[in-house]
Every structure is written in C-alpha cells, then in structure tokens.
Amino acid sequence: MSKVEEFEALRPLLFSIAYRVLGSVSEAEDAVQETWLRFDASPTRPASVKSFLSATVTRVSIDVLRSARVRREEYVGPWLPEPLLSDPYQDPARAAELADSVSMAALLLLERLSPLERAVFLLREVFAFGFDDIAAAVGRSQAACRQLLVRARRHMDAGRPRFTADGRERRELARRFFEALNDGDVAGLRELLAADVRLVGDGGGKAPQLARAVTGARNVAHLLGTVFPWLLRIDVTCEPHDINGQPGALFRDRDGKVLHALVLEVAGGRVRTVRTVINPDKLGHLGPVADAWAVDREVRRVRRGAR
C-alpha cells in the first residue's frame, strides 16, 4: 500500500479520535489533515502505521484542545459540541463504547477532564489501545497513564446518569416528542419531559439564543410548544436524524438551509435534556446555513400580524 492508501484506510479512526478529544468537526478535520502532513513528511516508515498516526493525531488534538479551552472560557452562552450525524469509524467489538462516547452528554462530561486525562480515557476505554501506545501518544510513562485513567474514570463515573434507555425506547419517545412539537401540544410535551428537564441552547453570540438554560417540565414544554409552531408557519421544516448517536432533528428554512440542530437526551423513560445548536459556525459541515436572525425577524412579524 502507498502512504496515501494507508492513511485513507485509517482516516475514519483518526477523525473519530480527534472529534472525541475536541468536540468539533472542523477542528477534528484540521487535526487529521495536520496528521497527514506530518506522516507525508516523515522520511521513515513507522513499524506500525496505525500506532504512529493515532499517536500523532492525539498529540495534535491535545495541542488544539489546550488553545480551544481558552476560547471556550470566553464563549458567549453555553458551549455545546458540534453536531455529528454519523461516526465514520465502526468497530463491532467496540460498538457500545463508540456509541456512548460520541453522545453530547458524554462529550460534555469529557470537558471536565484535563486534555491528557481526556486523551488517555478515550484511547483506552473507547478505542482499546494498549498502554504502550497510549504512553507514546501523550508523552507520559505507562504508570503515569494508568493514574491519568483512574482519575478520568472517577470523573466520568460521577457524572453519568443513573438511568439508561435502550434504542427502541429512545426512538419511540423521540417520535412522540416531535409529533407533539409539530402540533404545538404543550400538554403532550410536558408528559414526555422529566420534572427537572433542561433546555440548553448554543448560539455563541452569533444567532438568537436563550439568555440562560430553561429548567423544569412546565417551562420547557411551554417554550417549545409555543415557539415551534410559529417556525412551521414560515415553512421551517423538521427533519429527524440521529445526532451524536441520539435522537434529534435538523431544522431547515424554506430554502433547505440548516437553521439549527436539536438533540434529545433520554433516560428513565423521559426526556432529560434538550440541546439545540444554532451557532452558524458549528453547522457548516451539515450544509448551507440559514440566516437565523432573518428567521427570527420573520417569526416576530408573523406573530405581531396574528394579534
């Protein structure tokens, strides 16, 4: 195999590592590209191309994450990962770990870890790398990596939800949720929401967004059930999708441009968190992006005219 062929065969794995470290599609793609440049420039062929490339993309991603964390401290409003429609890397032996680790809830838990803890946890728990490869990737001894893993597991276990939901339960609850949303059925929505449900929106100061998270079934149901019917009246469409492995939807304007992504976190037979990403910088990989400000102005005009 040529260098290009070897690299392309491993690209899905490299992207999956980088995305989980960074929570950003665009930054993960840049990290993979930088990994290729370093591989292409290397005068020698590594004994294990997979180990070399995985270590390289991990180191690049750690460096990017360290600088990204400074920007996230100055981020306007809540920060959410960039929505991912499908994970390009598949491994039947690790299917459960891969699916769990790409959810928005898991990616937000990973934000609690240091960059090194995050990398070690992902390489070991999700991708099942040996400690020799992990140590080479993060530039620490195997003993130090084991300690980093212990700390990372402790943080992750403390933040995981107590209840889980199987795929069938999630899909059925999502179907009922979006039916009620489209109908503006506030009572129907409220029945599906956990009492302490949270609605979190990420606009990054570049699109209309919530001033703060909305909490409680009554408040969240009222907001969703009264706002979304007005979007439908101006020809915004709701397109169901699995997003980050969880039930969700893309909303598009009348021209088919992406307005925002909505993701549900389901556990214990109820929707526990509703997350919406409307920051246009985080939607470009999904297609042409709508002008959310223009949509907001049109909704306001229609609502005023209906009074």
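Anything mentioned here points back to the structure above.
Residues numbered from 1 in each chain as written. Predicted model: local features only at pLDDT ≥ 70, side-chain atom pairs only at ≥ 80, totals over all residues. Heavy atoms only, no water.

A. Molecular detail of the sheet that holds strand β4 (residues 246–252). One open sheet accounts for 6 strands, arranged β2-β1-β6-β5-β4-β3; its pairing is mixed. Of all the strands in the sheet, just β2 (214–215) and β3 (237–243) have a single pairing partner and so form its edges. Note that β3 and β4 share 7 bridges and pair antiparallel. Pairing of Thr237 across the sheet is with Arg252, part of β4. Packing of helix α11 (residues 217–233) onto the sheet brings it into contact with β1 (193–202), β2, β4 and β5 (258–267), and relative to β1 it is tilted by some 50°. (Pairing = 2+ DSSP bridges. Helix = DSSP H or I, 4+ residues; strand = E, 2+ residues; numbered from the N terminus. Contact = heavy atoms within 4.5 Å. Axes fitted to C-alpha atoms, helices over the stretch in contact; angles between N-to-C directions.)

B. Representation of the environment of Ala9 within the structure. Within the element layout of this structure, Ala9 appears in helix α1 (residues 3–22). A residue is classified by how much of its surface remains accessible, and Ala9, at 54% relative accessible area, is exposed. Remark: the alpha-carbon pair of Ala9 and Arg140, spanning 131 residues in sequence, is separated by 28 Å. (Buried < 20%, exposed > 50% of the residue type's maximum accessible area, 1.4 Å probe, protein only.)

C. Here's a closer look at unusual backbone geometry. At Asp235, a position not held by glycine, the phi torsion is positive, near 70°. Positionally, Asp235 belongs in the loop between α11 and β3. On the basis of relative accessible area, Asp235 is assigned to the partly exposed category, the value being 44%. The residue Asn244 is not glycine, and still its phi comes out positive at about 50°. Inspection of the secondary structure assignment puts Asn244 in the loop between β3 and β4.

D. Spatial organisation of the layout of surface pockets. There is about 730 Å³ of room inside the second largest pocket. Every residue lining the second largest pocket is counted, 24 residues in all, and those nearest its centre are Pro208, Gln209, Leu210, Val227 and Asp296. Contributions of two or more residues to the lining of the second largest pocket are made by β1, α11, β5 and α12 (292–306). When residues in the lining of the second largest pocket are grouped by element, the largest group, 8 residues, is from α12. Looking at the lining of the second largest pocket residue by residue, the class counts come to 14 nonpolar, 4 polar and 6 charged. (1 Å grid on protein atoms, 1.4 Å probe; cavity = no way out; pocket = protein on both sides within 12 Å on 5 of 7 lines; lining within 4 Å. Points joined across faces, edges and corners; volume = space filled by probe spheres on them. Nonpolar A, V, L, I, M, F, W, Y, C, P; charged D, E, K, R; others polar.)

None of this, on its own, says anything about what the molecule does.
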